[in-house]
Amino acid sequence: MRARRYSVRTEQAYVYWIRRYVIHHARRLRFLYDVVLRQPLDAIDGIAPARRSRYVPIVLSQREVRTLMDGVHPPTQLCVALMYGGGLRISQCVSLRVKDIDLDRREILVRNGKGGKDRRTPLADLAVPGVRTWLRAQEKRYAGDTRAHVATDGLSAALERKYPNACREWRWRYVFPARRVYTDAWGVRRRHHLHESVLQRAVRGAALAAGLTKRVTCHSLRHSFATHLLEGGADIRTVQELLGHTDVRTTMIYTHVLNRGGLGVVSPADRL
C-alpha cells in the first residue's frame, strides 16, 4: 500500500479491517489476494453491487466559523484558523512543521498529502499574527527541549540518514508539539505533534456551547473553505489544486452546497 502511495489513514483502516475480518472468518481480504498473493478471487455472478449514496458535506456559514473560533482557545483557535483559511485536513494541520509555513509569502506547504502529493495553500492574513506569537513561544519551548536532549518525532529513517541532525533542528520542529515526551525503542526521548483528538474534542465542545445545530467536525472547516471559495468566484480547478484532489469530480461535490445550487437557479419561493 505504501508503494502505491496510499495514505497512512487508508493503510491503518485497511489493517484494522483485515484484522477484524481474519478474526471473524479466518480468511484474508481481496487486496491480499489481488496484489500481494496475486491470486485474484473469482467474480460471483448474479450479485448487484451496492450503490454509494451521494454525500453532501456539512458547510458552516462565515458567521458560524467566526463563532466557532471565538469559542476555542490556543492552540485550537489557531488550528481552526489554519484549517479554515487553507483547507487543511486535521492530520495535515497538527503535523505542520516550522519550515512548512512561509509568513512572507502567506503560504503553507502541505507535505505528503493523499497520494504522497505536496501542495501549497494560502495562509490567511487573519492567522498571521497568531502564528508569529505562537512560534515565538514555541522557540522557548524548543530551547528547553534542546537542553534536555529531546528530539522531534516523525522523520523517516531515510531522512534521518540524510540529515542526521534534522530531528534536533528548529525548522523540523512541529508547529503544534505534544505536551508530553516519550522514549522510543532506541532510548531517544522524542516529542510528537499534538494529538488530533485534542482538536476534535475542542471543536465539538465549542460548537455545542455556541448552540450550532449542525454536526460540526474539524473536516467541516475544510468543506467550508472550498464552498466559500466557490461562492467568492474562484474557479473549480483552482479549488481542486488547493484541496489536493486528483480528480476534479471529487471537488465538484461542493457545487451542490452553494447558496444557489450547482446550476445557479433561483428558488420560485424567492419570487413571491
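Structure shown above.
Residues numbered from 1 in each chain as written. Predicted model: local features only at pLDDT ≥ 70, side-chain atom pairs only at ≥ 80, totals over all residues. Heavy atoms only, no water.

Trainee: Kindly report on the packing of aromatic side chains, identifying the contributing residues and their values.
Mentor: Applying the stated criterion across every chain, the model contains 3 aromatic pairs. An angle of 75 degrees between the planes, with centres 5.2 Å apart, marks the rings of Tyr-16 and Trp-17 as edge-to-face. Classification of Trp-17 by relative accessible area gives partly exposed; the value is 49%. Ring plane angle 55 degrees and centroid distance 5.5 Å describe the contact between Tyr-142 and Trp-170, whose orientation is recorded as tilted. You can see Tyr-142 sitting in helix H6 (residues 128-147) and its partner Trp-170 sitting in the loop between helix H7 (157-162) and strand S5 (177-183), a full 28 residues away along the chain. Residue classification places Tyr-142 among the buried residues on the basis of a relative accessible area of 18%. Since its relative accessible area comes to 21%, Trp-170 is described here as partly exposed. Over the aromatic face of Tyr-174 sits the side chain of Arg-97, whose NZ or CZ is 4.3 Å from the ring centroid. Between the NZ or CZ atom of Lys-99 and the centre of the ring of Trp-172, over which it lies, the distance is 4.5 Å. (Phe/Tyr/Trp six-rings, centres within 6.5 Å; stacked < 30°, edge-to-face > 60°. Buried < 20%, exposed > 50% of the residue type's maximum accessible area, 1.4 Å probe, protein only. Helix = DSSP H or I, 4+ residues; strand = E, 2+ residues; numbered from the N terminus. Lys NZ or Arg CZ within 6 Å of the ring centre and 35° of its normal.)

Trainee: Pulling in residues and values, what's your account of the sheet that holds strand S2 (residues 107-110)?
Mentor: Strand order across the open sheet formed by 3 strands is S1-S2-S3, with antiparallel pairing between neighbours. Taken across any chain shown, the strands that pair with only one partner, and hence form the sheet edges, are strand S1 (101-102) and strand S3 (119-122). Pairing of S2 with S3, which is carried by 4 bridges, proceeds in the antiparallel orientation. Counted as the bridge partner of Glu-107 is Pro-122 from S3. (Pairing = 2+ DSSP bridges.)

Trainee: I'd like a rundown of the packing of helix H4 (residues 76-86) against helix H8 (residues 196-209), residues and numbers included.
Mentor: Where H4 contacts H8, the axes come no closer than 10 Å and their chain directions differ by 90 degrees. With respect to H8, the axis of H4 lies roughly perpendicular. Along the contact surface, H4 presents Thr-76, Cys-79, Val-80 and Met-83, while H8 presents Leu-199, Ala-202 and Val-203. (Axes fitted to C-alpha atoms, helices over the stretch in contact; angles between N-to-C directions. Parallel < 35°, antiparallel > 145°, perpendicular 65-115°, else oblique. Contact = heavy atoms within 4.5 Å.)

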